[in-house]
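In case you want the letters, here they are:
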Amino acid sequence: MAHIVILGAGTGGMPAAYEMREALGKEHKITVVNAVDYFQFVPSNPWIGVGWRERDDITFPIRPYLERKGIDFVAQRVDKIDADNSRLELANGESLAYDYLLIATGPKLAFEEVEGLGPEGYTTSVCTTDHAEHSNKVYQQFVTQPGPVVIGAVQGASCFGPAYEYAFIVDTDLRKRKIRDKVPMTFVTSEPYIGHLGLGGVGDSKGMLESEMRNRHIKWIVNAKVTKVEQGKMYVDEHNADGEVIRQHELEFGYSMMLPAFKGVDAVANVEGMCNPRGFVLVDEHQRNPKYKNIYSAGVCIAIPPVEATPVPTGTPKTGYMIESMVTAIVKNIKQELEGKEPTHKPTWNAICLADMGDTGAAFVASPQIPPRNINWFKKGKWVHTAKVAFEKYFIRKMKKGTPEPLYEKYVLAAMGIKRLSDD
């Protein structure tokens, strides 16, 4: 009997556990380790940030649903990965041995890289449900005394979609409250242009998102490096295409939400030879670490190089469909290894996204992620807002049911009218 440990219980780790159980049957032991004892549907956090959702709408306790499927659960932070001896050291002093480890931790949020950034500083975040609840608390205070708003993503960020979503959601919420006229809004991003998304643009994302911002009276600063944040003031260096500072901004704000850069979590980043300098797990074409052959990794925590060089550093996003594809390939590869075979399955790193914009939405497909592409598709419409609301309920219901099926391919592609992107 082999012991497969899945580190992380997010939108990658939970489906991985269910797929692993179905693929391997009951003869092998599966354990999920997560720092907290609840699942959070991260794509809904922007709605939490303005009070359109409550915590109970997008979270649920992990243990009963995993144990129903014969999957063990440990609610502990991992302090160290002893990769040489295939063992995890937990925060409570206990240890856990594994035969195979699947790392799906998500990122460490690097607020410390910008002075004054984050919930411990002067801006808010929607990266976690706790952060989104804090963001909502600050936002509800803000709307009683409205003023300037700054929203965006700092240098090194790799997930720009939620920043755009949140800007448009806040705009919609302010209009519903009939106070939009009292709130100047500025979008600050390290992207070289609006709609770059860390992907070099998708379809006409630049033109469509610029148009949407103009229609909503949202100003923007691109090629932006946030140097410091103080109470009510953000310092931003704007660069040209050669990376030279061309203007320095001092933006006053009454409320701000800025996405940070990502790094690998400490326990992962500290494993010698397993990660790149930012602490992201190095993987081969089969999602397996080149140094530690019994370690696989999926999701935001893996190392993917930027799509292109940009004047201000930007990372590459890992969207839900891509993560789903990674997980499925890993499950199949571990099954092959347990059968004495070499892994052969490869994920399809295609980027697919449903982004809510408050009262409308935008959807895109970049296949493959790096240009030139076979599919380069970007559309906007109220149907996207409706589809994302429905997908939230669909995904959470499936996670509670423990259904191991390709949720993004089955639902999101269907909503876009696309049948399939891969055969693996």
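As a reminder, the structure under discussion sits directly above these lines.
Right, let's walk through the structure included here. Predicted model only: the values in this text are computed from it and were never measured.

## Here we look at the overall build of the protein chain
Part 1 of the argument: A count of helical and extended segments in the protein chain gives eleven helices and 22 strands.
Part 2 of the argument: Against the 2.2 N^0.38 benchmark of 22 Å for 424 residues, the protein chain shows a C-alpha radius of gyration of 21 Å, consistent with a compact globule.
Part 3 of the argument: The principal-axis extents of the C-alpha atoms in the protein chain amount to approximately 65 × 45 × 45 Å.
Part 4 of the argument: Each of the 424 residues in the protein chain was classed as buried or not, and the buried ones make up 59%.
Part 5 of the argument: Across the protein chain, every contact between residues at least 6 apart in sequence was considered, and the portion connecting residues at least 24 apart equals 65%.
Part 6 of the argument: For the protein chain, the computed accessible surface area is about 17300 Å², with 48% contributed by carbon and sulfur atoms.
Part 7 of the argument: Here the protein chain contributes 50 positively and 52 negatively charged side chains, and the mean placements of these two sets differ by 5 Å.

## Describing the side chain of Glu 392
Part 1 of the argument: Mapped onto the secondary structure, Glu 392 falls in helix 10 (residues 382–401).
Part 2 of the argument: At 2.6 Å, the side chain of Glu 392 and the side chain of Ser 44 are in polar contact.
Part 3 of the argument: There is a polar contact of 3.1 Å between the side chain of Glu 392 and the side chain of Arg 53.

## As for the pattern of salt bridges
Part 1 of the argument: As enumerated under the stated definition, the model contains 28 salt bridges in all.
Part 2 of the argument: In this structure, Asp 359 engages Arg 175 in a salt bridge whose closest nitrogen and oxygen atoms are separated by 3.3 Å. In this pair, Asp 359 is assigned in the loop between strand 20 (351–356) and strand 21 (361–367) and Arg 175 in helix 6 (residues 161–176), connecting sequence segments 184 residues apart.
Part 3 of the argument: Overall, the relative accessible area of 27% leaves Asp 359 in the partly exposed class.
Part 4 of the argument: Across the salt bridge formed by Glu 210 and Arg 214, the nearest N and O atoms sit 3.8 Å from each other. Taken together, the positions of Glu 210 and Arg 214, both in helix 7 (residues 205–215) and four residues apart, correspond to about one turn of that helix.
Part 5 of the argument: Taken together, the shared-partner salt bridges in this structure form one network comprising Asp 171, Arg 175, Arg 180, Glu 212, Arg 216, Asp 359 and Lys 380.

## Overview of the environment of Val 229
Part 1 of the argument: Here Val 229 is to be found in strand 14 (residues 224–230).
Part 2 of the argument: When neighbours within four sequence positions are excluded, Val 229 is seen to be in contact with Val 114, Glu 115, Gly 116, Leu 117, Tyr 122, Thr 123, Met 234 and Phe 253.

## Regarding the packing of helix 1 (residues 13–24) against helix 9 (residues 320–338)
Part 1 of the argument: It is at 9 Å that the axes of helix 1 and helix 9 come closest, and there the two elements cross at 35°. Our pair here, helix 1 against helix 9, has a crossing hand that is right-handed. Within the contact between the two elements, helix 1 uses Pro 15, Ala 16, Glu 19, Met 20, Ala 23 and Leu 24 and helix 9 uses Val 327, Thr 328, Val 331, Ile 334, Lys 335 and Leu 338.
Part 2 of the argument: Partitioned by chemical class, the residues of the contact of helix 1 with helix 9 number nine nonpolar, one polar and two charged.

## Structural notes on the packing of aromatic side chains
Part 1 of the argument: Scanning the entire structure with this criterion turns up twelve aromatic pairs.
Part 2 of the argument: An aromatic cluster of three or more residues is present, and its members are Phe 39, Phe 41, Phe 60, Tyr 65, Phe 391, Tyr 394 and Phe 395.
Part 3 of the argument: Lying over the aromatic face of Tyr 38, Arg 55 brings its terminal NZ or CZ to 5.2 Å of the ring centre.

## Regarding helix 9
Part 1 of the argument: End to end, helix 9 covers 27 Å across 19 residues, agreeing with the expected 27 Å (1.5 Å per residue, within 8%).
Part 2 of the argument: Of all 19 residues in helix 9, 16 are buried, a share of seventy percent or more.
Part 3 of the argument: Following helix 9 by one or two positions, Gly 340 has its phi on the positive side, about 85°.

## Some details on the sheet that holds strand 14
Part 1 of the argument: Judged by pairing direction, the sheet is antiparallel, and its three strands sit side by side in the order 14-15-16 without closing on themselves. Edge positions in the open sheet fall to strand 14 and strand 16 (245–252), since each of these has one partner strand only. Taken pair by pair, the neighbouring strands of this sheet meet at an average axis angle of 20°, ignoring direction.
Part 2 of the argument: Bridging between strand 15 (residues 233–239) and strand 16 involves seven bridges; their strand directions are antiparallel. Across the sheet, the residue bridging to Met 234 is Leu 251, located in strand 16.

Scoring rules and cut-offs
- Residues numbered from 1 in each chain as written.
- Predicted model: local features only at pLDDT ≥ 70, side-chain atom pairs only at ≥ 80, totals over all residues.
- Heavy atoms only, no water.
- Helix = DSSP H or I, 4+ residues; strand = E, 2+ residues; numbered from the N terminus.
- Rg over C-alpha atoms; globule rule 2.2 N^0.38 Å.
- Buried < 20%, exposed > 50% of the residue type's maximum accessible area, 1.4 Å probe, protein only.
- Contact = heavy atoms within 4.5 Å.
- Areas by Shrake-Rupley, 256 points an atom, 1.4 Å probe, with all protein chains shown as cover.
- Lys, Arg positive; Asp, Glu negative; His and termini not counted.
- Charge placed at Lys NZ, Arg CZ, Asp CG, Glu CD.
- Polar contact = N/O pair within 3.5 Å; in protein donor to acceptor, adjacent residues only side chain to side chain.
- Salt bridge = Lys/Arg side-chain N within 4 Å of Asp/Glu carboxyl O.
- Axes fitted to C-alpha atoms, helices over the stretch in contact; angles between N-to-C directions.
- Left-handed = near helix turned anticlockwise from the far one by under 90°.
- Nonpolar A, V, L, I, M, F, W, Y, C, P; charged D, E, K, R; others polar.
- Phe/Tyr/Trp six-rings, centres within 6.5 Å; stacked < 30°, edge-to-face > 60°.
- Lys NZ or Arg CZ within 6 Å of the ring centre and 35° of its normal.
- Expected span 1.5 Å × (residues − 1).
- Pairing = 2+ DSSP bridges.

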